[in-house]
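Fold and geometry: a report
As a plain string of letters, each chain reads:
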Amino acid sequence: FLSNLIFSNIIYISTTGSDQSGEGSLDNPFLTIQHGMNESLTGDTVLILEGSYSENIVYDMSTNNALTLCSEFTITGDSSKISSTVISGQESGSILEFYQGGSIVIDGITIEGGYYEYQSKDGLWVESTEKFTFSNSILKNCQVYNGSGVGGRLISLDSVFIYNSKIISNHDNYSTGGVISIENVDYVSIRKADFTDNLGRVGSAIYSFDINYLEID
């Protein structure tokens, strides 16, 4: 877990919180991840307390150059928090979308797809940002009909790090390039990643295009 992170400010999210009267503190958390991210500043950590959150989140990184999205695992090292802290899709597109600059860390979270028969994207969508890190996390049960990346599309980034994570049971239903599609990225490192029971028409695990350096261990 990311014990070496220095947390400048922590914004707390809880299933019992409130976006209206909450302050983002541990004692008075926000209800939704989207609201917590909207309230964050550069260098902030949005810490999601145990529970299930049904959201489709879109975040513009041009106003925030560095953001960490994590569970209690990141602070305590309790691995049970990974599977018990879930962001679930609502059958209406990507669960997490990040755009336009900045660095993102996702740590210690389960991201679970929502399925609609003809949807073109699900899971993670990260585009035109700097460094993207997906660590100690689970990406599962994503499905698309026809798109780019069943579980995630990472495009036009400086670097991608996928570490100690599970990408499981993500299935294409018609014609999709890879479970994780990585395109136009300078540096990619994938280490200790478990790809299990996935299906994509072109590249069942990873579809890559225009990558300068790729490391898989």
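The rules behind the values
Residues numbered from 1 in each chain as written. Predicted model: local features only at pLDDT ≥ 70, side-chain atom pairs only at ≥ 80, totals over all residues. Heavy atoms only, no water. Helix = DSSP H or I, 4+ residues; strand = E, 2+ residues; numbered from the N terminus. Rg over C-alpha atoms; globule rule 2.2 N^0.38 Å. Buried < 20%, exposed > 50% of the residue type's maximum accessible area, 1.4 Å probe, protein only. Contact = heavy atoms within 4.5 Å. Areas by Shrake-Rupley, 256 points an atom, 1.4 Å probe, with all protein chains shown as cover. Lys, Arg positive; Asp, Glu negative; His and termini not counted. Charge placed at Lys NZ, Arg CZ, Asp CG, Glu CD. Salt bridge = Lys/Arg side-chain N within 4 Å of Asp/Glu carboxyl O. Core = buried A, V, L, I, M, F, W, Y, C linked by side-chain atoms within 4.5 Å. 1 Å grid on protein atoms, 1.4 Å probe; cavity = no way out; pocket = protein on both sides within 12 Å on 5 of 7 lines; lining within 4 Å. Points joined across faces, edges and corners; volume = space filled by probe spheres on them. Pairing = 2+ DSSP bridges. Axes fitted to C-alpha atoms, helices over the stretch in contact; angles between N-to-C directions. Phe/Tyr/Trp six-rings, centres within 6.5 Å; stacked < 30°, edge-to-face > 60°. Lys NZ or Arg CZ within 6 Å of the ring centre and 35° of its normal.

1. Concerning the overall build of the protein chain
A tally of helices and strands in the protein chain yields 3 helices and 19 strands. For the protein chain, whose C-alpha radius of gyration is 16 Å, the value lies close to the compact-globule estimate of 17 Å for 217 residues. For the protein chain, the C-alpha atoms occupy an extent of roughly 45 × 35 × 30 Å along the three principal directions. Expressed as a percentage of its 217 residues, the buried residues of the protein chain come to 50%. Sequence-distant contacts in the protein chain: of pairs separated by 6 or more residues, those separated by 24 or more amount to 75%. As displayed, the protein chain offers around 9,400 Å² of accessible surface, 45% of which is attributable to carbon and sulfur atoms. A gap of 8 Å separates the mean positions of the 9 positive and 27 negative side-chain charges of the protein chain.

2. Section: the pattern of salt bridges
Enumeration according to the criterion identifies 3 salt bridges in this entry. The partner of Glu-183 in a salt bridge is Arg-153, with the nearest N and O atoms 2.8 Å apart. Highlighted residues: Glu-183 in strand β17 (residues 180–191) and Arg-153 in strand β14 (residues 152–163), separated in sequence by 30 residues. Take Glu-183 and Arg-153: they sit in the same class, and that class is buried. In the salt-bridge network here, residues are joined through shared partners; they are Glu-50, Glu-72 and Lys-81.

3. Digging into the nonpolar core
Here is a general trend for soluble globular proteins: nonpolar side chains tend to be buried in one another's company. Phe-98, Ile-106 and Phe-132 are the most contacted members of the largest nonpolar core, which totals 42 residues. Among the elements that make up this core, the one with the highest residue count is β17 (5 residues).

4. Some points on empty space enclosed by the protein
With a probe scaled to a water molecule rolled over the atoms, the places where space remains empty come into view. Under the defined criterion, the tally for this structure stands at 1 cavity of 30 Å³ or more. Taken as a whole, the largest cavity holds about 60 Å³ of empty space. Leu-124, Phe-132, Phe-134, Leu-139, Gly-152, Leu-154, Ile-162, Ile-167 and Ile-180 together form the lining of the largest cavity. For the lining of the largest cavity, the secondary structure elements donating two or more residues are β11 (131–135) and β14. Ranked by residues supplied to the lining of the largest cavity, first place goes to β14 with 3 residues.

5. Describing the sheet that holds strand β6 (residues 85–88)
Taken in spatial order, the 6 strands line up as β3-β6-β9-β12-β15-β18 in an open sheet, and their pairing is parallel. The open sheet has two free edges, formed respectively by β3 (51–54) and β18 (194–196), since each of these has just one partner strand. Taken over all neighbouring pairs, the strand axes of this sheet differ in orientation by 15° on average, direction set aside. Two strands pair when backbone bridges link them, and strand β15 (residues 166–168) and β18 are joined in this way by 3 bridges, in the parallel orientation. Residue pairing in the sheet places Ile-168 in a bridge with Thr-196 of β18.

6. Re the side chain of Ser-189
Structurally, the position occupied by Ser-189 is in strand β17. In this structure Ser-189 comes out as buried when scored by relative accessible area, which is 6%. With residues up to four places along the chain from it excluded, the contact list for Ser-189 reads Val-160, Phe-161, Ile-162 and Glu-215.

7. Brief notes about the pairing of β17
Strand direction decides the pairing type here: β14 and β17, joined by 10 bridges, are parallel. Paired with Val-160 across the strands is Val-188, a residue of β17.

8. Considerations on the packing of aromatic side chains
Enumeration according to the criterion identifies 2 aromatic pairs in this entry. Pairing Tyr-187 with Tyr-213 gives two aromatic rings, centres 4.9 Å apart and planes at 15°, and the pair type is stacked. With Tyr-187 in strand β17 and Tyr-213 in strand β19 (residues 206–216), this pair connects stretches of sequence that are 26 residues apart. You can call Tyr-213 partly exposed: its relative accessible area is 40%. The structure contains a cluster of three or more aromatic residues connected by ring pairs, namely Phe-161, Tyr-187 and Tyr-213. The ring of Phe-161 carries the charged tip of Lys-131 above its face, separated from the ring centre by 5.0 Å.

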